[in-house]
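# An overview of the molecular structure
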Amino acid sequence: MANALVTGGAGYIGSHTCLELLQAGHSVTVLDNLCNSSQESLKRVQSLAGRALDLVQGDIRDFDLLRRLLDSRGSKQPAFDAVVHFAGLKAVGESVAQPLAYFDNNVLGTVCLLRAMAEAAVKILVFSSSATVYGDPASVPISEEFPRSATNPYGASKLMIEDMLEDLYRSDPTWRIGRLRYFNPVGAHASGLIGEDPQGAPNNLMPYVSQVAIGQRECLQVFGGDYPTPDGTGVRDYIHVVDLAKGHLAALRSLSQAEAGTGQLLTVNLGTGVGVSVLQLVKAFEQACGRVIPYRVVARRPGDVAACYANPHLAKTLLGWQAQRSLADMCADAWRWQVQNPQGYRLVSTPAPSTGATQ
Ligand code: NAD
Ligand code: UD1
């Protein structure tokens, strides 16, 4: 049983991972500045798990706070066994407009966290990397040894952190580090209580489709119908967020089981290995919600690649993990979350009583 510090634990993937950690009997402390999330997700996580976690509202760039959190208070045992590090900014377009915000939050935030961990001798870390580090891959499926590149500051921040973690491991091989490269996380917990809560218009496909299905948006724009793919639309590896969360537990298990005094640097893809086109996803969502999703094919989105899906073999071999949930499950769970929470975690305000005044 481990004591985990989860940075960014109130967010989309973090909240699902906190639930899995609690359900597996681990103790959880979340450090989150709530810049892209709300405490409500964690209230629901605790009610689903029937167990409490601790939330520290703060920033990973606050070194003194991290120091205090990681301080073992004179005990021989470190305050935490491991850190699962989700905290960061993740919007590609925003990163192009505000690169410094991304390098500050993602890269400097991670440096700050690693310094505090090193000082406290907490040396097990699971880091959220992304398939974005593969840039425009020469072929699919993508294996971990494929060349890496970045086409935007968000991707560059993930590359820099991956490199930093490798250098850190080389300098002190007692670190145990997992670099998990997520493909396209979608869906929600099957309870419909926790899920993805984008602010404003969603950038990503599944939340957009879901908002069209419920009538909050008129029509999906399909970005590009002329890709060299079977139906001309972009192909991705959509992975259920609960499978992804379970991948973190598998990584933690593997890192914790390494022989005492030895370290490990794991780099694995977390994907299903199945490529799904935009139109296939739309069809699957229509089946799940029983509604027609209006769409229109428009120009390609700059920076998009034709096809991106994982070779998920290494995760199975090294972690004993593989995705279990189907595209139909992803759509059904995303739809349940959407229907039960049309405003996400924001409370629907009760309309003010009518004064009877006419305009
Ligand atoms: P999210 O925005 O829902 O969660 C990130 C959390 O980190 C939020 O709760 C936010 O408030 C918090 N946070 C941000 N900056 C912080 C800071 N400086 N200090 C403390 N907390 C901070 O995003 P997510 O989708 O759950 O993604 C989690 C991680 O996975 C991110 O690092 C992201 O880059 C990575 N990732 C996400 C995807 C995806 O499609 N969702 C794909 C690949 C990788
Ligand atoms: C995007 C990010 C990537 C990030 C990933 C997960 C870009 C260029 N890439 O990847 O860095 O790691 O999200 O957060 O933003 N699509 C539409 N209409 C829409 C939205 C998307 O047709 O309204 C298409 C896209 O062209 C793509 C597919 O749907 O073919 C998936 O898009 P999206 O969900 O944004 O994920 P990625 O582009 O894979």
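Note that residues are indexed from 1 along each chain, following the sequence as it is written. For naming, the first written chain is A and the first written ligand is 1, with later ones following in the order written. Totals for whole chains, interfaces and linings use every residue, but because this is a predicted model, local features are given only for residues with pLDDT of at least 70 and side-chain atom pairs only at 80 or more, for both listing and counting. The side-chain values count all of the structure's non-hydrogen atoms but skip hydrogen atoms and water molecules.

## Details of the overall build of the chain
When helices and strands are counted, the chain shows 11 helices and 14 strands. Computation of the radius of gyration draws on C-alpha atoms alone. For the globule rule, the value is 2.2 Å times the number of residues to the power 0.38. Relative to a compact globule of 359 residues, whose C-alpha radius of gyration would be 21 Å, the chain shows 21 Å and is just as compact. Only protein chains enter the area calculation, which uses a 1.4 Å probe; residues under 20% of their type maximum are buried, those over 50% are exposed, and those in between are partly exposed. Within the span of the chain, comprising 359 residues, buried residues form 51% of the whole. Here a residue-residue contact requires only that any non-hydrogen atoms of the pair lie within 4.5 Å. Considering only residue pairs separated by 6 or more positions, the chain has 80% of its internal contacts joining residues 24 or more positions apart. Per-residue accessibility takes into account occlusion by the displayed protein chains alone, with areas from the Shrake-Rupley method and a 1.4 Å probe. When the accessible surface of the chain is summed, it comes to about 16,300 Å², and 51% of that surface belongs to carbon and sulfur atoms. Each charge class in the chain can be summarised by its mean position, and for the 30 positive and 32 negative side chains these summaries are 3 Å apart. We count a stretch as a helix when DSSP gives it H or I for four or more residues in a row; a strand needs E for two or more, and each element gets its number in order from the N terminus. For the purpose of counting charges, residues Lys and Arg are taken to be positive, whereas Asp and Glu are taken to be negative. His and the chain ends are not included. A charged residue contributes its charge at one atom only: NZ of Lys, CZ of Arg, CG of Asp or CD of Glu.

## Quick look at the packing of helix α9 (residues 278–289) against helix α11 (residues 327–340)
Each packed pair of helices is defined by two parameters, the angle between the axes and the distance between the axes. Close contact between α9 and α11 brings their axes to 9 Å; oriented N to C, the two are set at 55°. In terms of their interaxial angle, α9 and α11 are classed as oblique. The two elements α9 and α11 cross, and the hand of that crossing is right-handed. Facing Gln280, Leu281, Ala284, Phe285, Ala288 and Cys289 of α9, the residues of α11 in contact are Leu327, Cys331, Ala332, Ala334 and Trp335. In this classification, the charged set is Asp, Glu, Lys and Arg, the nonpolar set is Ala, Val, Leu, Ile, Met, Phe, Trp, Tyr, Cys and Pro, and all remaining amino acids, among them Gly, are polar. Here the residues of the contact of α9 with α11 sort into 10 nonpolar, 1 polar and no charged. The axes are straight lines fitted to the C-alpha atoms, using for helices just the contacting stretch, and the angles between their N-to-C directions are given from 0 to 180°. Should an angle fall under 35 degrees it is called roughly parallel, over 145 degrees roughly antiparallel, and 65 to 115 degrees roughly perpendicular, with every other angle called oblique. Each crossing gets its handedness from the near helix: less than a right angle anticlockwise from the far helix is left-handed, clockwise is right-handed.

## Concerning the pattern of salt bridges
Salt bridges are defined as contacts in which a side-chain nitrogen from Lys or Arg sits within 4 Å of a carboxyl oxygen from Asp or Glu. Evaluation of the coordinates by the stated rule reveals 17 salt bridges. Linking arginine 61 and aspartate 104 is a salt bridge whose minimum nitrogen-to-oxygen distance equals 2.7 Å. Of this pair, arginine 61 sits in the loop between β3 (54–57) and α3 (63–70) while aspartate 104 sits in helix α5 (residues 99–120), and the two are 43 residues apart along the sequence. By sharing partners, the salt bridges in this structure join Arg148, Glu162, Asp163 and Arg181 into a single network.

## Side note on the site of ligand 2
Being near a molecule or strand, for a residue, means having at least one of its heavy atoms within 4 Å of it. Inspection of the region around ligand 2 gives 17 residues, with Gln221, Phe223, Arg236, Arg301 and Asp304 positioned closest. Taking serine 130, its side chain carries an N or O atom lying 3.2 Å from an oxygen atom of ligand 2. With the chains in place, 87% of the 740 Å² that ligand 2 exposes on its own is no longer accessible. Of the residues in the shell around ligand 2, the class split is 7 nonpolar, 7 polar and 3 charged. Side-chain atoms alone can form a polar contact between residues adjacent in sequence; in general such a contact is a pair of N or O atoms within 3.5 Å, and within protein one must be able to donate a hydrogen while the other accepts it.

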